[in-house]
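The chain contents come next:
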Amino acid sequence: MTNFDLSCCQLDRTSARQTPAFHNLLSDFPPVMQLVIRRYRPSDKDTVLSLFSVSIQEHIQPCFKNAISSPLYITITLALCVAGYFLGSVLGAVVLPGAWVGLVYCCCHELYSGYVRNTLRTNMQDIPGNYLSRPDDCYWVAEAEVEGIAQIVGMVAVVGKQSGNERYGELFRMIIAPTCRRMGLGVRLAQTVIDFCKERGFSAVVLETSSTQQAAVALYKKLGFSLVLKHIKAPAPAWILRLARVTVLRMKKQL
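Quick summary incoming for the structure in this document. Bear in mind that the values here come from a model prediction, so they are computed numbers and not experimental data.

A count of helices and strands for the protein chain gives ten helices and eight strands. Taken across its 255 residues, the protein chain has 48% of its residues classed as buried. Put simply, 69% of the contacts in the protein chain that link residues at least 6 apart link residues at least 24 apart. As presented, the protein chain carries roughly 13000 Å² of accessible surface, and 57% of it is formed by carbon and sulfur atoms.

Below is the structure:
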């Protein structure tokens, strides 16, 4: 049985019944696991930062695999291998493609690890000040109790914004611990943000994710988000995103 104790957004069983996607996943967690989605507390900081850092850097390997296995990059790697051989040595046939593969990996690594470094020293350094100081913002953690031990297994945040006459919420920091993925927790956290935005009178929820995160994109589409923009504007230089073959996807759900 799931218990929601939210200071910013109280989601009871009635509202859950009004959301079929949410209701269908209420039983996904094992009976031994008690789940609470609650407002962030300062004592959560170390665990939240660690979970954020580890989870984001998990995307480095899939990013590199997607890039280096693309037809274009396979062609470049083979071409460099042949060029190195004809330049005079078997060593060249190894070094040139090796340097290319290393460059692609470094770009993928810097894209995500650099994002983590930048985020940890900026807005996540002061979560209460940046996410809990206004009524239109909030930061939640998902806490699961397994065999009597409480563990933070997920998080999500929302920031209220305005563009012209439109007031909307932007979803940030959707993170799920590896042990709790594919169990419906992503739906629960996203629905918490959606319900909060409805309560605040926002017209939409928007978010940004990367093209590498296909599981997240599929989840958001399931919840009614649609793709509205692709771009390569990020903290990392544009050439790093291009070499990593990553685009930023902006998605939106009308409320």
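So much for the structure itself; the text now carries on.
For the rest of this paragraph, the subject is unusual backbone geometry. For Arg-182, which is not glycine, the phi dihedral falls at a positive 60 degrees. Of note, Arg-182 is situated in the loop between β5 (166-176) and α8 (185-199). The class of Arg-182 is exposed, set by a relative accessible area of 84%. The phi dihedral of Arg-245 is positive, around 55 degrees, even though this residue is not glycine. Looking at the element boundaries, Arg-245 is found in the loop between α10 (238-244) and β8 (248-254). Judged by its relative accessible area of 43%, Arg-245 is partly exposed.

So, on to the layout of surface pockets. Considered as a void within the structure, the largest pocket measures approximately 1500 Å³ in volume. His-59, Met-174, Thr-209, Gln-213 and Ala-216 are, among the 48 residues lining the largest pocket, the residues nearest its centre. Top element by residues in the lining of the largest pocket is β5. It accounts for seven residues. Among the residues making up the lining of the largest pocket, the classes are represented as 27 nonpolar, 13 polar and eight charged.

Position of Thr-77 among the secondary structure elements: in helix α5 (residues 71-86). Setting aside residues up to four positions removed in sequence, Thr-77 forms contacts with Ile-68, Pro-97, Trp-100 and Val-101.

With 71 residues, the main nonpolar core has Val-48 and Tyr-139 as its most contacted residues. Per-element accounting of this core gives the leading share, eight residues, to α8. When neighbours within four sequence positions are excluded, Val-48 is seen to be in contact with Tyr-40, Met-124, Ile-127, Tyr-139, Val-141, Ile-152 and Met-155.

Here the focus is a nonpolar patch on the surface. A grouping of Val-82, Tyr-85, Phe-86, Val-90 and Val-94 is seen on the molecular surface, where their side chains present a nonpolar patch of about 560 Å² in accessible area. Contributions of two or more residues to the nonpolar patch are made by α5 and α6 (90-121). Counting residues per element, the nonpolar patch draws most heavily on α5, at three residues. Take Val-82: it is sitting in helix α5.

Moving on, we come to the packing of helix α3 (residues 45-57) against α6. Between α3 and α6, whose axes approach to 9 Å, the crossing angle comes to 160 degrees. Considered as vectors, α3 and α6 are oriented roughly antiparallel to each other. Crossing hand, α3 versus α6: right-handed. Residue-level inspection shows Leu-49, Phe-52, Ser-53, Ile-56 and Gln-57 of α3 in contact with α6, the latter providing Tyr-112, Ser-113, Tyr-115, Val-116, Thr-119 and Leu-120. Counted by class, the contact of α3 with α6 contains seven nonpolar, four polar and no charged residues.

With six of seven residues buried, strand β6 (residues 204-210) is to be regarded as a mostly interior element. In terms of strand pairing, β5 meets β6 through four bridges, oriented parallel. Counted as the bridge partner of Leu-171 is Leu-207 from β6. Running through α8, the crossover from β5 to the neighbouring parallel element β6 is right-handed. Pairing of β6 with β8, which is carried by seven bridges, proceeds in the antiparallel orientation.

The next subject is the environment of Glu-58. For Glu-58, the position within the fold is in the loop between α3 and α4 (60-68). Residues Glu-58 and Tyr-112, spaced 54 residues apart in sequence, show a C-alpha to C-alpha distance of 8.6 Å. Residue contacts for Glu-58: discarding those within four places in its chain leaves Pro-178 and Arg-181.

The rules behind each value
- Position labels on residues start from 1 in each chain and follow its written sequence.
- Local features in this predicted model are restricted to residues whose pLDDT is 70 or higher, and side-chain atom pairs enter the listing and the counts only when it is 80 or higher, whereas totals over whole chains, interfaces and linings include all residues.
- The side-chain values count all of the structure's non-hydrogen atoms but skip hydrogen atoms and water molecules.
- Only DSSP runs of H or I with at least four residues qualify as helices, and only runs of E with at least two residues qualify as strands; both kinds are numbered from the N terminus onward.
- Accessibility here uses a 1.4 Å probe with only protein chains present; expressed as a share of the type maximum, an area under 20% marks a residue as buried, one over 50% as exposed, and anything in between as partly exposed.
- Any two residues whose heavy atoms approach within 4.5 Å are treated as being in contact.
- The Shrake-Rupley method, run with a 1.4 Å probe, gives the accessible areas here. Residue values count only the displayed protein chains as cover.
- The rule is simple: put a 1 Å grid over the protein atoms alone, call a set of points where a 1.4 Å probe fits but cannot get out a cavity, call an open set with protein on both sides within 12 Å along at least five of seven lines a pocket, and count a residue as lining if it has an atom within 4 Å of a point.
- Grid points are joined across faces, edges and corners, and a volume is the space filled by probe spheres set on the points.
- In this count, Pro and Cys sit with the nonpolar residues alongside Ala, Val, Leu, Ile, Met, Phe, Trp and Tyr, while Asp, Glu, Lys and Arg are called charged and the others, Gly among them, polar.
- Here, the term nonpolar core denotes a set of buried Ala, Val, Leu, Ile, Met, Phe, Trp, Tyr and Cys residues that are joined through side-chain atoms within 4.5 Å.
- Like-charged residues within 9 Å of one another, or nonpolar side chains (Val, Leu, Ile, Met, Phe, Trp, Tyr) within 5 Å, are grouped into patches, provided each residue has over 30% relative accessible area and no salt bridge.
- Note on definitions: salt bridges are taken to be side-chain nitrogens of Lys or Arg within 4 Å of carboxyl oxygens of Asp or Glu.
- Inter-axis angles, ranging from 0 to 180 degrees, are taken between N-to-C directions of lines fitted to C-alpha atoms, where helices are fitted over the stretch in contact.
- Reported orientations rely on four angle classes, namely roughly parallel under 35 degrees, roughly antiparallel over 145, roughly perpendicular from 65 to 115, and oblique for the rest.
- Should the near helix be turned anticlockwise from the far one by less than a right angle, the crossing is left-handed, and should it be turned clockwise, the crossing is right-handed.
- DSSP-based pairing: two strands are paired if at least 2 bridges between them are found.
- For a crossover, the right-handed case is the one in which the path from the first strand over the helix to the second runs clockwise, viewed with the strands pointing away from the viewer.

Interpretation in functional terms is not warranted from these geometric data alone.
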